[in-house]
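Chain residues, written in single-letter form:
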Amino acid sequence: MDDETAEIELLEQNLNKTRHISQRMTAILSSFDSRILKLEKSVLPLYTSTQLLSRRARNIENALLKIDEIASHQDGIAVEEASILRGPQPGRLDEYTELLQRMNATLAFGSVDGAARETARLIETGAKKLIQLYTKLVAEGSSGSPINGPEFTPIPFPSNLLPTLRPLVAFLRTLPLPPTHPSHPAAPAIQSALKDAQKGYGDMRGAWSRKCLDMYGKRVTERAETIDGVAAGRELGALIESITRVAEDEHALLAELAPLPTPPAITSTYAALVAPLAAVFTTTLSALTALIKRSLHKYTFLALSTYAQLTAAQARWDDVMCRRAGRKDSELRDGLQTIRAACQRSFPEILADIKLASMSNRGELSTGLVDITLSTVEYMERIPELQDAVGAILLSLGDGNWKMGEGAQVGKAPRLADVDGRTVLEHFMFDVVNTLLATLLALARMNKRPAFGAIFLLNNVAHLRTRVLLRPRAGPGAGTAALLSKPTQDVLHSHFRTAKAGYFDANFAPLLQTLADDKERAGRAAAKERFTRFFDLLDEVAERHALARVLHDDREGRATLGDEAARLVVPSLQRFVQRHGGRDFSKNPQKYIKMSAEEVEALIKGFYADRDANVPPPAERVTNNLLIQAGWSR
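Conventions and cut-offs
- Here the residue index of a chain counts from 1 through its sequence in written order.
- Totals for whole chains, interfaces and linings use every residue, but because this is a predicted model, local features are given only for residues with pLDDT of at least 70 and side-chain atom pairs only at 80 or more, for both listing and counting.
- With hydrogens and water excluded, all non-hydrogen atoms of the structure serve as input to the side-chain values.
- Runs of E in the DSSP output that reach at least two residues are strands. Runs of H or I that reach at least four are helices, and both are numbered from the N terminus.
- Working definition: with a 1.4 Å probe on protein chains only, accessible area under 20% of the residue-type maximum means buried, over 50% means exposed, and in between means partly exposed.
- Surface accessibility in these figures is a Shrake-Rupley result with a 1.4 Å probe; residues are shielded only by whichever protein chains are displayed.
- Think of a 1 Å grid over just the protein atoms. A cavity is a set of points where a 1.4 Å probe fits yet cannot get out, a pocket is an open set with protein on both sides within 12 Å along at least five of seven lines, and lining residues have an atom within 4 Å of a point.
- Grid points are joined across faces, edges and corners, and a volume is the space filled by probe spheres set on the points.
- Each Phe, Tyr or Trp ring (for Trp, its six-membered ring) is paired with any other whose centre lies within 6.5 Å, and the angle between the two planes then decides the class: stacked below 30 degrees, edge-to-face above 60, tilted in between.
- Values of pLDDT, which run from 0 to 100, indicate the predictor's confidence residue by residue.
- Contact between two residues is taken to exist if any of their heavy atoms lie within 4.5 Å; hydrogens are not considered.
- Note on patches: the residues involved have over 30% relative accessible area and no salt bridge, like charges join within 9 Å, and the nonpolar side chains Val, Leu, Ile, Met, Phe, Trp and Tyr join within 5 Å.
- Salt-bridge detection follows one rule: a side-chain nitrogen of Lys or Arg within 4 Å of a carboxyl oxygen of Asp or Glu.
- A helix's residues, less one, multiplied by 1.5 Å, set its expected span.
- Two N or O atoms form a polar contact when they lie within 3.5 Å of each other; inside protein one atom must be a possible hydrogen donor and the other a possible acceptor, and for residues adjacent in sequence the pair counts only when both atoms belong to side chains.
- Each residue gets one of three labels, nonpolar for Ala, Val, Leu, Ile, Met, Phe, Trp, Tyr, Cys and Pro, charged for Asp, Glu, Lys and Arg, and polar for the others, Gly among them.
- Fitting a line to C-alpha atoms yields each axis, with helices limited to the stretch in contact; the angle taken between N-to-C directions then spans 0 to 180 degrees.
- Roughly parallel covers angles under 35 degrees, roughly antiparallel covers those over 145, roughly perpendicular covers 65 to 115, and oblique covers all other angles.
- Left-handed describes a crossing whose near helix is turned anticlockwise from the far helix through less than a right angle; right-handed describes the clockwise counterpart.
- Nonpolar cores are built from buried Ala, Val, Leu, Ile, Met, Phe, Trp, Tyr and Cys residues. Side-chain atoms within 4.5 Å join them into one set.
- All tallies of charge rest on Lys and Arg as positive and Asp and Glu as negative; His and the ends of each chain are not included.
- Think of each charge as sitting on NZ of Lys, CZ of Arg, CG of Asp or CD of Glu.

Section: the overall build of the protein
Counting its regular elements, the protein contains 19 helices and zero strands. Split into buried and exposed, the 634 residues of the protein put 41% on the buried side. Per element, the accessible surface of the protein, about 34300 Å² overall, is 54% carbon and sulfur.

Below is the structure:
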C-alpha cells in the first residue's frame, strides 16, 4: 500500500510541473500572437502595393510581346506577298503551293485576326496565278499543226506537260470554295476564276479537236463526188468513228484535268468541248445531203451507204455526244431523218427511171446492152452490200409503196408480223426486175426491124439473168441471187425462154419456112427457087449477125445458142437436100446449093464465135462442099 501511495504522490508532483510549464507556454504563444498581429498590420500596406506593381509589370510585358509579334508578322506578310505576286516559278511549284497552304491554314485557324483580309487577298492572288499557269499549259497542249495523213490519227495530250499539270490540278481542287469553305473571304472569287478556267479548257480542247478533224470532213465531201457511193459512205462512217473516239478521249482527259471535278461542272465543260466536234459532223453531212439532193439518181448509193453508217453509229453517238454532255438534241438523229427521206424517195425514182427508158429513141440496128439494163444490173448488184439498210428503209416506206403512180396508196402500210426487211426487199427486187423486163420488151417492139429487136431483147434479158441469177460477179454482187425470190427467178427464166424463142423465130423461122414441105410448089424449078431463097435468107442472117453480136459477154451461152440454132436449121436442110438435091436436080447445082449441111452448121455456129478484129468474119471462110454431099464432084 505504501508503495502505491508513494507512486501516486510522485505522479501528482509531475502533473503539477507539467501544468505549470503549459501555462508558461500559453503565455509565450499569446505574446507571439499579439506581436504577429502587429507585424501583419505593419506589412499589409506594402503587400498591397507590391501586388499592384506585379500586375502592371505583367501587362507591360504582354504588350511588348504583342508588339513584337505584330511587327514580325508584318515582315512575314511582306515577304509572302512578294513571293505570291511573282507567281509559281519553273520547277518550284511545290514551294508555291506550300506557301498558299500555310496562308490558308493561318486564315482558317484565325491566328492573326488583324491581317485576315490581307491574307485572303494574297490567297486569292496566288490561286489566280496558279489558274493562269493551268490555262497556259492547256493552251500549249492544244496548239500546233495537226497530222495531215491519209487516215485520221488522234493526237494525245503532250506527255511532257502532264507531270506539271497533274499536281497543279490536284492542288487547285483543294482550294477553298463556297460549298466547302462558306466563311472563307476568297472562296467566291476563286470559284469564279476556276469556272472561267474550266470553260476555257473546254473551248480550247474543242477548237483543237475540230482543227484536227476539219480537213478529214472536207476530204469526205470532196471525194464523195469522185469515188464510189458506198465507199464515200464508209468514209463518213470512219469520220463519225474518229469524232466519237476523240470525244471519248477528251472526256477521259477532262475527268483527269478538270479543276472543278463535280458532275455538273464536268457535264457543262464537256458539252462546250463536243460542240465543235458536232459542228464538223453537221457541216460534212449537210454537204453530202446537198450533193445527194442535187442528183439523187447519181448518188443513190451514197445516200444508202450514208444511212447505213448513221444507223450503225447512232447508239454510240447518243451516248458519247449527247448523254454524257447533257444534250437533248442529236445532230446524227436529225441527219438520219433527212437521209432516210432521200433514200425513201430513191426507190420510186429508180422504177420511174426504168419506165422512162422505154420511151428512148434507139437506132434500128442497136442490139447491144442499153444503159438502163447496165445501170439496173449494177443497182441490183450493189444492194447486197447495204442489204440491212435497204430493207429497213423499204420497211419504213411500206411494202409496195415504192410503186407510186400505179394506183398504190402511198403511206405507212400496216406492218405484218411475218413481213420483215428481207421480205420487203425481195418484193422490191421483184418489181425492179418486172419493170426492167417490161421496158426491154417495149424497146424491142419499137424496133422497125423485128430481127434486130429480137437480138436486142435476148441480149439484154440474158445479161440481166446471167448477172443477177446464174453467174453473179465475185464480190459484193455475189449475194444478189439470194435476194431474188422464187417468183422473181421464175420471171427471169420465163422471159429468157420467151426472148430466145423470139430470137429463133425472127432469124431462123424464115429459113425453116423455105425448107418446109409444100405440095403446091413441087418440081425442080420450085426446088431451085427454094434453095436460092434459103441461101439468100442465110446470107441475110449472116450479115445480120456480122452487124449484131449475140450474147457477146457470155461465151457459154453463145455456145449453147449456136448448138440450138444449128440443130434447128441443119436437119431440115439435110432432109431437103436429100429430097431435092439429086443428079437430076440441075446441070449446075453449085448455082443453087452453095454450102453443105456441115458448112451451114459451121456458118451458124460461127455467128456465136469469139470476135477478133484481125480475123475475117466466118462467112468469108466457108468452103462450099455441099455439091460433094449431093453426089457432084468439084
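On we go.
Side note on empty space enclosed by the protein
Summed over all chains, the structure comprises one cavity of 30 Å³ or more. Its volume calculated, the largest cavity comes out at about 50 Å³. Taken together, L296, H297, T300, S346, E349, I350, D353 and Y379 form the lining of the largest cavity. The biggest single contributor to the lining of the largest cavity is helix α9 (residues 331-356), with four residues.

Quick notes on the packing of aromatic side chains
Inspection of every chain in the model, using the stated rule, returns 11 aromatic pairs. Ring centres of F152 and Y216 lie 5.5 Å apart, and the angle between their planes is 85°; on these two criteria the pair is classed as edge-to-face. In this pair, F152 sits in the loop between α3 (116-141) and α4 (162-172) while Y216 sits in helix α5 (residues 187-223), placing the two residues 64 residues apart along the sequence. For the pair formed by F152 and Y216, the shared burial category is buried. Ring geometry for F281 against W317: centres 4.8 Å apart, planes inclined by 45°, an arrangement best described as tilted. One end of the pair, F281, is in helix α7 (residues 263-294); the other, W317, is in helix α8 (residues 300-323), and 36 residues separate them in sequence. Three or more aromatic residues joined by ring pairs make a cluster, and in this case those are F301, F347, Y379, W402 and F428.

Structural notes on the confidence of the model for the protein
Model confidence for the protein is summarised by a mean pLDDT of 82, while 85% of its residues fall at 70 or above. Helix α19 (residues 626-629) is the least confidently modelled element of the protein, averaging 34 in pLDDT, while α7 averages 95, the highest of any element. Predicted confidence for residues 407-417 stays below pLDDT 50, and this span has 13 contacts to residues more than four positions away or in other chains.

Details of a nonpolar patch on the surface
A contiguous nonpolar surface patch, about 590 Å² in accessible area, is contributed by I21, M25, I28, L29, F32 and I36. For M25, the position within the fold is in helix α1 (residues 2-86). Using a relative accessible area of 43% as the deciding quantity, one classes M25 as partly exposed.

Digging into helix α6 (residues 229-257)
Across its 29 residues, α6 extends 42 Å between first and last C-alpha, which sits within 8% of the 42 Å expected from 1.5 Å per residue. The N-terminus of α6 is capped by D228, whose side-chain oxygen sits 3.1 Å from the backbone nitrogen of V230.

What to know about the environment of P450
Note on placement: P450 falls in helix α13 (residues 450-470). Separated by 56 residues in the primary sequence, P450 and A506 have C-alpha atoms spaced 6.5 Å apart.

Focus: the side chain of S142
Structurally, the position occupied by S142 is in the loop between α3 and α4. For S142, a relative accessible area of 12% translates into the label buried. Of the polar contacts made by the side chain of S142, one reaches the side chain of R205; its length is 3.0 Å. Apart from the residues lying within four places of it in its own chain, the contact partners of S142 are M204, R205 and W208.

Some details on the layout of surface pockets
Empty space within the largest pocket amounts to approximately 360 Å³. In this structure, the largest pocket is lined by 17 residues; those nearest its centre are H297, K298, T300, F301 and E378. Elements represented by at least two residues in the lining of the largest pocket include exactly α8 and α10 (371-382). The element best represented in the lining of the largest pocket is α10, accounting for five residues. When the residues that make up the lining of the largest pocket are grouped by side-chain class, the tally is seven nonpolar, five polar and five charged.

Quick notes on the packing of α9 against α10
Helix-helix packing is characterised by the crossing angle of the two axes and by the distance between the axes. Packing of α9 against α10 brings their axes to within 10 Å, and their N-to-C directions diverge by 155°. By the angle between their directions, the pair α9 and α10 is classed as roughly antiparallel. By crossing handedness, the relation of α9 to α10 is classed as left-handed. Here α9 contributes F347, I350, D353 and I354 to the contact with α10, which in turn contributes I372, T376 and Y379. Here the residues of the contact of α9 with α10 sort into five nonpolar, one polar and one charged.

Some remarks on the pattern of salt bridges
Summed over the entire model, instances satisfying the criterion amount to 25 salt bridges. In this structure, R294 and E225 form a salt bridge, with 3.9 Å as the shortest nitrogen-oxygen distance. Here the residue R294 occupies a position in helix α7, and E225 occupies one in the loop between α5 and α6, the gap between them amounting to 69 residues. When its relative accessible area of 56% is taken as the criterion, R294 is described as exposed. Here E225 falls in the partly exposed class, since its relative accessible area comes to 44%. A salt bridge links R422 to E426, with the shortest nitrogen-to-oxygen separation between them at 3.3 Å. With R422 and E426 both in helix α12 (residues 421-446) and four residues apart, the pair spans about one turn of that helix. One network of salt bridges, in which partners are shared, links D228, R234, R382 and E385.

Notes on the nonpolar core
Membership of the largest hydrophobic core comes to 162 residues, with the highest contact counts inside it found for F347, Y503 and F508. For this core, the leading source of residues is α7, giving 13 residues. If we skip the residues at most four places from it in the chain, Y503 touches A454, I455, L458, F508, H545, V550, L561 and Y608.

A look at a negative patch on the surface
Taken together, D2, D3, E4 and E7 make up a surface patch of like negative charges. Mapping E4 onto the fold places it in helix α1.

Thoughts on the environment of D554
Along the chain, D554 turns up in the loop between α16 (524-547) and α17 (555-580). Along the chain, D554 and T466 lie 88 residues apart, while their C-alpha atoms are 8.3 Å from each other. When sequence neighbours within four positions are dropped, the list of residues in contact with D554 reads T466 and R471. One polar contact links the side chain of D554 to the main-chain amide nitrogen of G557, over a distance of 2.9 Å.

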